[in-house]
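Notes for the structure review
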Amino acid sequence: MRAFVDIRARLLLAALLPLLVVSTVLVSVLLLARLDDMQQSYDQRNRSVASQVALASEYGLFSVNQSQLQAIAQGGLRQADVRWVAIVDGGGQMLASAGDPGNGLLHPMNPLATQGFDVKRRLDWFTQPVFAGSLEIDDLFEKNTLIEPKPRRQLGQVVLVFSRHAVDRRAHEMLLAGGLISLLGLIFGMALAIYLSRGVMRPIQRITQLTERIGRGDFEAVSQMRQHELTREPLQALQSDIYRMADRLSVAREDLEQQVHLATQALLEKKNEAENANRAKSHFLAAASHDLRQPTHALGLFVSRLAQLPHDAQTGALIDNLEASVRAMQHLLDGLLDISRLDAQAVQVNKRPFPLSVLLHQLTQDLAQVAQEKGLRLRIRQTDYWVMSDDTLLYRILLNLVDNALNYTERGGVLVAVRPVYGTGLVRLQVWDSGIGIAPEHQTAVFAEFYQVANPGRDRTKGLGLGLNIVQRKAALLGHPLQLASHLGRGTRFTLTLPTVAADLDAPALPALETTSSQELFDVLALVIEDDLLVRSALCGLLQGWGLRVIEARGLSEALEKVADGTMPDVIISDYRLHDEHDGIAVIGRLRSELGSSIAACLVSGDTDASVMRSARAAGLTLLHKPVRPAKLRSLLRNLLQVQSGSSLVDLS
Amino acid sequence: MRRYWRCLCWALALSLGGTAAQAQQRVVIVSSVGSAAYATMAKSMVEVLASRGVVSSDIVQLGASQMAARLQSALSLQPLIFVAIGSEATQLLSSARLSVPVLSTLIPRRNFERILQSAGRVPGSQLNALYLDQPLRRQLALIHVALPQAKRVGVLLGPDSAFELPRLRSLAAAKGLTLRDAEIASSDALFAGLHRVLEDSDVLLAVADPLVLNTLTIQNILLTSFRGRIPMVAFSQAYVRAGAALALYSDPAQVGRQAAVYVLEVLRGNALPDHAIEPDDFEVEVNQHVARSLGLSLDAQALRLTLRRLENLP
């Protein structure tokens, strides 16, 4: 509203100020002129009255006729504004006077007519000298005289005092009148200005409101305003233009909304498509990895069994190759498994403090041989730092990184080191390699799924290209920033930043991840529940090769039959998905209740379904994923048996 | 014989004529400036002279300044007579030592005497004047004739006119009139004197005196006398016009005629009279309005005739 006040104020000011100035100037100029004129005419009148009195007094002064002079003085007094008259003779003696002596004053004889003004009493005084009037007569006697012409003889003077009262009153009247007129003029002008300005202000106000509302997006304002449209209003053209503009804006907005709506819909469709595609992919991966799991699992077990059997060197070499192939296959499948689990958000993060040294040690064990075979140096610097993280996931990350490093390095070596970041309580876990490096343009892309920098032929011995993607996702899950630095031809460095914790010596020590001894498993009775023949036979054979005694069952009922005679297995290994629709957890649970003891058990499954893992965890059962690495199985069994005798449980999956 | 006589006459006439021709400027008229009266007077004089045989070539008319120039340049004029008209001319001619008689005209008596005094000369046949002033007896006669009921004559005299008093007194007594006189020494005493005179007079006789009667005083004196209902007998036409009841004066033409007579006398070889010459012809003027307001009925012509008869003049 302040804007309106401003505009209106301006309009009024524009109208009034010139009016004010002009009227003030005019009135004052005219008044002053009139006052001046009045004063002048008053003075003239006074002077003429004085002259008249002087003329009239001439003879009286000549003849020193005081009565005549007195009469003249009285006559003078009767003139307008005269307050006092005095007639003075040549010697300065006052011969006659009339009027209030209080108003009187006398001045020295002066041949010049003078006047003055007594401010206090507001009286004008005039003196007029009285000269003997000269009468020009054409007289020879006069002309003949050789005496110099006589100067005019002053017979006396008359003094008149006038009152300014009437003049003052008239002046006041004039001032009042002038003031009144100018005031009226101003008021009239103001009224007119206000009236006219309102006529202009209203449309402006309306338009301002309209634009405000349009600015806020309220387009109905346009239709409302239309009702007020009047013809022959000032700013008519402006108003109709604004309405038209508002209309167009409104239409345009609707158009835009429509377009946005369409675009959004299209995007939505695309998103759905993308999501569907993603889900399909995940499904496919899950399905594929699941379907591949059983045979691969069996294969691995069989090969291990084969390795246990006596064989000659040639067969041994073949078995080695087989094992390598199987390992490769399992590795690939593991990668797919990881991906699908990450996609299914089935990975559970279990953060706790642990010493890095454990992981590093394991790393050395796992990869020393690989490095040696390739002729590379693998240096892993030990450290005393403890970190807060999930050891399993972290190990997987490390394993992947170092494995990659070894893969992509031809000469030199790989260094794993831990450096602190001063002042932050963080450490940098770094994997250096002197390999081929990654070009800057690929440095972001390497983290993408199925991306391999130099594998145009998609040589599967070089992996699926999932490694770094998995590493990145796992690092993200853990909340540890992962950085890549690389120079083509010189090497690559991966950095993982971990939060340190104080060494907690009371924390339960991590169990040894792997040993080669099989002594503990000797003569352990294991109950294997698996409906797939191949897998069952493979597994049983393997277990027997490790020295375990095995009871086989296809399902729950068979298992129950087998333990009905009081046989107490030491450990139960059950497949999760059994063909008579009991799931492994239920089976184990049933068996445990039947046998009346919480026998150590574990599940084996090809399902990467998150629900499976949750159920397993909820039941307190370890879940192994197919294809299971024999070594892993063995460690797990040992652990389970140790747990039975009071050690902690670790999920190594 | 007759032929011889005729030749002689012719020779004589010629010689006479020659003489006459030789004596070209016989009369020089020097006139002052300032009034048309001077010219009128000169004109009438010349007319009279002409009618008596003085040819115009015998008469030289000069203005006073011209004359002064002539005198300075010593271009001598040798007329038989100089006629000065007015005070200025008179002063000029009187101060110039002339061997020729000078007749001064249209000059008040007092002025003439003053001029002579300042020039160190005495009036006589070499230098005489035809006064402007009317003889007192005539004035009194006028009063007597015009205002027979007036018995007391008032006069206001000033320093220039005081000398007239004895004569006035005797003349008035002779006529059986009482003279009421007052003499004033300064203009401040004017009204007092006037008042004194007027309150005891029946008629006011104006006597020329610059202190008493001048442009500044005339109005008031007239007013005073009028207010006192006392007629004023003045000595100039102008006064009558201004408000005096009666005036006795000489017309310039009359003066010119009279002067011409004296000039002719001198031209005939006689000398000027050595006594003051008073004007012999005069006019009477009456202000009828004033006379009526004063309750007088006066006839100017009748008064003049009466006065002339009294003087035994036609």
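My aim in this report is to walk through the structure given alongside it, one point at a time. Here the residue numbering is sequential within each chain, running from 1 through the sequence in written order. Chains and ligands are labelled sequentially in the order written, the chains with letters from A and the ligands with numbers from 1. Per-residue local features are limited, in this predicted model, to residues with pLDDT of at least 70; the limit for side-chain atom pairs, both in listing and counting, is 80 or more; totals at the level of whole chains, interfaces and linings are taken over all residues. To get the side-chain values, take all heavy atoms of the structure and skip hydrogens and water.

So, on to the overall build of chain A. Each helix and strand counted, chain A has 15 helices and 17 strands in total. Counting across all 653 residues of chain A, residues that qualify as buried make up 42%. Only heavy atoms enter the contact rule, under which two residues are in contact if any of them lie within 4.5 Å. For chain A, the share of sequence-separated contacts (at least 6 apart) that also reach a separation of at least 24 residues comes to 69%. Approximately 34,900 Å² of chain A is accessible, and the part contributed by carbon and sulfur atoms is 57%. Labels follow the DSSP assignment, with helices taken as runs of H or I lasting at least four residues and strands as runs of E lasting at least two, numbered in each case from the N terminus. Relative accessibility thresholds used throughout: buried, under 20% of the residue-type maximum; exposed, over 50%; partly exposed, between the two (1.4 Å probe, protein chains only). The method behind every accessible area is Shrake-Rupley, applied with a 1.4 Å probe, and residues are considered shielded solely by the protein chains displayed.

What follows is about unusual backbone geometry. Of note, the phi angle at Val64(A) is positive, near 45°, even though the residue is not glycine. Summarising the element assignment, Val64(A) is placed in the loop between helix 1 (2–62) and helix 2 (66–77). Phi at Arg229(B) takes a positive value of approximately 55°, unusual for a residue other than glycine. Look at Arg229(B) and you get partly exposed, because its relative accessible area is 48%.

Below, the discussion takes up the packing of aromatic side chains. Stacked, tilted and edge-to-face are the three classes assigned to paired rings of Phe, Tyr and Trp, where Trp is represented by its six-membered ring and a pair needs centres within 6.5 Å; plane angles under 30 degrees give stacked, over 60 edge-to-face, the rest tilted. On inspection of all chains with the given rule, the structure shows six aromatic pairs over all chains. A ring pair is formed by Phe62(A) and Phe191(B), whose centres lie 5.4 Å apart and whose planes are at 70°; its orientation type is edge-to-face. With Phe62(A) in helix 1 and Phe191(B) in helix 8 (residues 190–198), this residue pair bridges two chains. Residues Phe62(A) and Phe191(B) agree in their burial class; the two are buried. Through a chain of ring-to-ring contacts, the aromatic side chains of Tyr59(A), Phe62(A) and Phe191(B) assemble into a single cluster. Either the NZ atom of lysine or the CZ atom of arginine qualifies as a charge over a ring when it sits within 6 Å of the ring centre and within 35 degrees of the ring normal. Above the plane of the ring of Trp432(A) lies Arg493(A), whose end atom (NZ or CZ) is 5.1 Å from the centre. Here Arg308(B) stacks its cationic end above the ring of Phe282(B), 5.9 Å away from the centre of that ring.

Right, let's talk about the sheet that holds strand 13 (residues 525–529) of chain A for a bit. All names here are of chain A. One requirement defines pairing of two strands: DSSP has to find at least two bridges between them. If you walk across this open sheet you meet the five strands as 14-13-15-16-17, and the pairing is parallel. Two strands close off the open sheet at either side, each with one partner strand: strand 14 (549–553) and strand 17 (622–625). Each strand of the sheet is rotated relative to its neighbour by a mean of 20°, with strand direction disregarded. Where strand 16 (residues 600–605) meets strand 17, four bridges bridge the pair, whose relative direction is parallel. Looking at strand 17, one finds that Cys-602 is bridged to Thr-622. Note on method: axes are straight lines fitted to C-alpha atoms, helices fitted across the in-contact stretch only, with angles between N-to-C directions ranging 0 to 180 degrees.

Let us now look at the nonpolar core. Nonpolar cores were defined as sets of buried Ala, Val, Leu, Ile, Met, Phe, Trp, Tyr and Cys residues, with membership established by side-chain atoms within 4.5 Å. Core analysis: the biggest nonpolar cluster contains 87 residues, and Leu160(A), Ile29(B), Met45(B), Leu49(B), Met232(B) and Tyr239(B) have the highest contact counts within it. Here this core takes ten residues from helix 1 of chain A, the largest share from any one element. Those residues in contact with Ile29(B) that sit more than four places away from it in its chain are Ala42(B), Met45(B), Val46(B), Ile59(B), Val60(B), Gln61(B), Leu62(B), Val83(B) and Ile85(B). In terms of nonpolar packing, the next biggest core, distinct from the first, is built from 46 residues, Leu285(A), Val416(A), Phe447(A) and Leu466(A) among them.

This part covers the side chain of Thr90(B). Residues and elements named next belong to chain B. Take Thr-90: it is sitting in helix 4 (residues 87–95). For Thr-90, a relative accessible area of 1% translates into the label buried. By the criterion applied in these results, polar contacts are pairs of N or O atoms within 3.5 Å in which, for protein atoms, one can donate a hydrogen and the other can accept it, and in which residues neighboring in sequence qualify only through two side-chain atoms. Looking at Thr-90, its side chain comes within polar contact range of the side chain of Ser-104, at 2.7 Å. In this structure, Thr-90 is in contact with Ala-84, Ser-104, Ile-107, Phe-112 and Ile-115, ignoring residues within four places of it in sequence.

All right, on to a nonpolar patch on the surface then. Residue and element names in this part refer to chain A. On the surface, a nonpolar cluster with roughly 790 Å² of combined accessible area is contributed by Leu-13, Leu-17, Leu-20, Val-21, Val-22, Val-25, Leu-26, Val-29 and Leu-30. By the secondary structure assignment, Leu-20 is in helix 1. Assessed through its relative accessible area of 35%, Leu-20 is described here as partly exposed. Patch membership requires over 30% relative accessible area and the absence of a salt bridge. Like charges are linked within 9 Å, and nonpolar side chains (Val, Leu, Ile, Met, Phe, Trp, Tyr) within 5 Å. When a carboxyl oxygen of Asp or Glu lies within 4 Å of a side-chain nitrogen of Lys or Arg, that pair is called a salt bridge.

Just geometry here; none of it tells us what the structure is for.
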